[in-house]
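The residues making up each chain are set out below.
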Amino acid sequence: MDKVRVRFAPSPTGIMHLGNVRSALMNYLFAKRYNGTFVLRIEDTDFKRNVENLSDKIIDDLLWLGLEYNEGPVKGGSYGPYYQSQRANFYTQYLNKLIEKNLAYRCFCTPEELEQKRQRQVAMKLPPRYDRTCLNLSQDDIDKYVETNKPFIWRFKLDYSKTVKFYDLAHKEMSFELKHFSDIPLTRQDGSFTFLFANFVDDHLMEITHVFRGEDHLSNTASQVALYEAFNVKLPIFWHLPIIGNKEGKKLSKRDFGFSLTDLQNAGYLPEAISNYLTIIGGSFKKEILNKEELINAIDFEKIEPTGMIKYDVEKLNWVNHKWISNYDTTKLIELCLPYLINKYPQVQDITREELSKLIDTVKTELVTLEQIVNLTEFYFNEPNLDLELIKDLDIDINFFSKLILDLKDKLNNPEQAVDFIKDTIKEQKKPLSVIFKLIRFALTGRTMGPSILELFKILESKKIYKRLDNLIKKLSILQHQD
Ligand code: GLU
């Protein structure tokens, strides 16, 4: 195999979504697996649709994900520049070669005319394809239009008698008859170069050996193969990655949570978990929680199965994220959770590191996303809101409970002793342990499930504990008198 060169080639026209992230990831893993080079190329030739600062965000996102590129913007490399907006001279050269070979022609059709033609073809149940009006213009007409500066684009003339073939890692040999395709637009009316053309020129000039991108590019690949053939240059190997779908089996869209990487970043999904999840999604793996080294070896690129749509399952992602969180030590978790905590409870900055560790340890096992640290630790910062609905099914003996809490009051300074005391009393009086524990937890946190009573006693001040337990007893008594 030639020295592997792969690339991730995002357009700064929309934010990174899971499909892009997975393409970047597969390119990265492949490069690492075969000691290749991972190139980042920003495809910013569509000036009207480019979003300001998005290129920088994409670069930051890749680094955040841990998908470091070997060549690309900022970093440089010997195949640069890596922004397509700085490569127009190469595209012009290649366009001129096509013009010389008589393989490119000017198309003066307006976007409105093209749209009308398209609609007519669709109505007649014909595959929409450019009808070559401008290929058949007389030289006189062309000269006249050029003289009057009529806007035009360059198109590449496909050979309709040809079938193009290429190799896809999942689908193996693929072939397409060119007669079903439109003559490829090479430029836009504003003189900029199209994605199809610039992307081909760069993959060729940057000596890209493997092109891994979403399945939505399949027909683009067929057109581009015709360009490779026109220039008689070597084709890369392709892999068209399956589209990621939502639960309903539709293509994942902005409306689905987790479509954009930003959603996941804000909610506190870890980069390791996202890469891990996007590697195992849609496949079956004996071991599912994998570190970077393991991810590099997890996929057998020689045996890629052709899959349809792969389903994005947030529950599974949550599971993977939770596992990654559980693997982290408390110091690392503090660092990750602190921004969320400071945002909601600025007073967290006044508590000691030791106290913070204790707090994080208390809720760690429940933490699925980092963002949840805010709700899970709320009891520490604020008195809980007691929604009695949550305990309506508990069979509560208020007299017993009040007496227990009263006797507990002066034992709260020693958490272990306090818990033992509760257990012993319950046993003696043959009361249900789980009900009493739920009540205590509810009084302290507003929830019936969560940290153990011992942990809660350790993290909360004894005065606070008693006050909260007493609050609950008061509420329950009022309720009892109302009945
Ligand atoms: N700029 C294209 C996109 O973002 C690149 C596709 C490709 O990888 O070739 O869809």
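Owing to the predicted nature of the structure, the values given are computational and were not obtained by experimental measurement.

Draft legend 1. Summary view of the site of the ligand. Around the ligand, the neighbouring residues are R7, A9, P10, S11, E43, F195, N199, R213 and H217. Between the ligand and R7, the relevant distance is 2.7 Å, taken from an oxygen atom to a side-chain nitrogen or oxygen of the residue. At 2.8 Å from an oxygen atom of the ligand is found a side-chain nitrogen or oxygen belonging to R213. Protein contact buries 82% of the 290 Å² of open area that the ligand shows by itself. Among the residues making up the shell around the ligand, the classes are represented as 3 nonpolar, 3 polar and 3 charged.

Draft legend 2. View of the packing of helix α1 (residues 18–33) against helix α9 (residues 271–280). It is at 10 Å that the axes of α1 and α9 come closest, and there the two elements cross at 85°. By the angle between their directions, the pair α1 and α9 is classed as roughly perpendicular. Residues L18, V21, R22, L25, M26 and L29 of α1 form the contact with α9, whose participating residues are I274, S275, L278 and T279. The residue makeup of the contact of α1 with α9, split by class, is 7 nonpolar, 2 polar and 1 charged.

Draft legend 3. Spotlight on the packing of helix α16 (residues 398–408) against helix α18 (residues 433–445). Their axes nearest at 12 Å, the elements α16 and α18 cross at an angle of 65°. In this structure, α16 crosses over α18, and the sense of that crossing is right-handed. Only I436, L439 and I440 of α18 make contact with α16, whose side of the interface consists of F400, F401 and L404. Split by residue class, the contact of α16 with α18 holds 6 nonpolar, no polar and no charged.

Draft legend 4. View of the sheet that holds strand β7 (residues 184–185). If you walk across this open sheet you meet the 3 strands as β3-β4-β7, and the pairing is antiparallel. Among the strands making up the open sheet, the edge pair consists of β3 (104–107) and β7. Relative to β7, strand β4 (residues 153–156) is paired through 2 bridges, and the arrangement is antiparallel. Each residue of the ladder has a partner; that of R155, found in β7, is P185.

Draft legend 5. Region of the structure containing helix α6 (residues 195–205). Judged by how many residues are buried, α6 sits mostly within the fold: 8 of 11 residues are covered. Of the residues making up α6, those classed as buried are L196, F197, A198, N199, F200, V201, D202 and D203. Looking at the buried positions of α6, the neighbouring elements they touch are β1 (5–8), α3 (88–100), β7, β8 (210–214) and α7 (218–230). Just downstream of α6, E207 is the residue with a positive phi angle, here 55°.

Draft legend 6. Up close: the packing of aromatic side chains. For the coordinates displayed, the defined rule picks out 23 aromatic pairs. Ring centres of Y28 and F38 lie 5.9 Å apart, and the angle between their planes is 80°; on these two criteria the pair is classed as edge-to-face. Of this pair, Y28 sits in helix α1 while F38 is found in strand β2 (residues 37–40), placing the two residues 10 residues apart along the sequence. In this structure, Y28 and F38 share a single accessibility class: buried. Centroid distance F176 to F181: 6.1 Å. Interplanar angle 75°. Geometry classified as edge-to-face. Since its relative accessible area comes to 13%, F181 is described here as buried. Taken together, the ring pairs connect Y91, Y94, F193, F197, F200, Y228 and F231 into an aromatic cluster. The ring of Y79 carries the charged tip of R5 above its face, separated from the ring centre by 3.7 Å.

Draft legend 7. Structural context of the UniProt feature "domain: Aminoacyl-tRNA synthetase class I anticodon-binding" (unreviewed entry) in the protein chain. Taken from the UniProt record, the annotation "domain: Aminoacyl-tRNA synthetase class I anticodon-binding" (unreviewed entry) applies to residues 332–473. In this annotation, residues 332–473 is assigned 63% helix and 0% strand; the end-to-end C-alpha distance for the span is 39 Å.

Draft legend 8. Inspection of the pattern of salt bridges at higher detail. Under the criterion given, the structure shown has 28 salt bridges. Across the pair D300 and K303 runs a salt bridge whose closest N-O atoms are separated by 3.8 Å. The partly exposed category is assigned to D300, whose relative accessible area is 34%. Here K303 falls in the exposed class, since its relative accessible area comes to 62%. Across the pair K458 and E416 runs a salt bridge, and its minimum N-O distance is 3.5 Å.

So, how was this worked out
- Residues numbered from 1 in each chain as written.
- Predicted model: local features only at pLDDT ≥ 70, side-chain atom pairs only at ≥ 80, totals over all residues.
- Heavy atoms only, no water.
- Near = heavy atom within 4 Å.
- Polar contact = N/O pair within 3.5 Å; in protein donor to acceptor, adjacent residues only side chain to side chain.
- Areas by Shrake-Rupley, 256 points an atom, 1.4 Å probe, with all protein chains shown as cover.
- Nonpolar A, V, L, I, M, F, W, Y, C, P; charged D, E, K, R; others polar.
- Axes fitted to C-alpha atoms, helices over the stretch in contact; angles between N-to-C directions.
- Helix = DSSP H or I, 4+ residues; strand = E, 2+ residues; numbered from the N terminus.
- Parallel < 35°, antiparallel > 145°, perpendicular 65-115°, else oblique.
- Contact = heavy atoms within 4.5 Å.
- Left-handed = near helix turned anticlockwise from the far one by under 90°.
- Pairing = 2+ DSSP bridges.
- Buried < 20%, exposed > 50% of the residue type's maximum accessible area, 1.4 Å probe, protein only.
- Phe/Tyr/Trp six-rings, centres within 6.5 Å; stacked < 30°, edge-to-face > 60°.
- Lys NZ or Arg CZ within 6 Å of the ring centre and 35° of its normal.
- UniProt positions renumbered as here; feature names shortened; annotations may be inferred.
- Salt bridge = Lys/Arg side-chain N within 4 Å of Asp/Glu carboxyl O.

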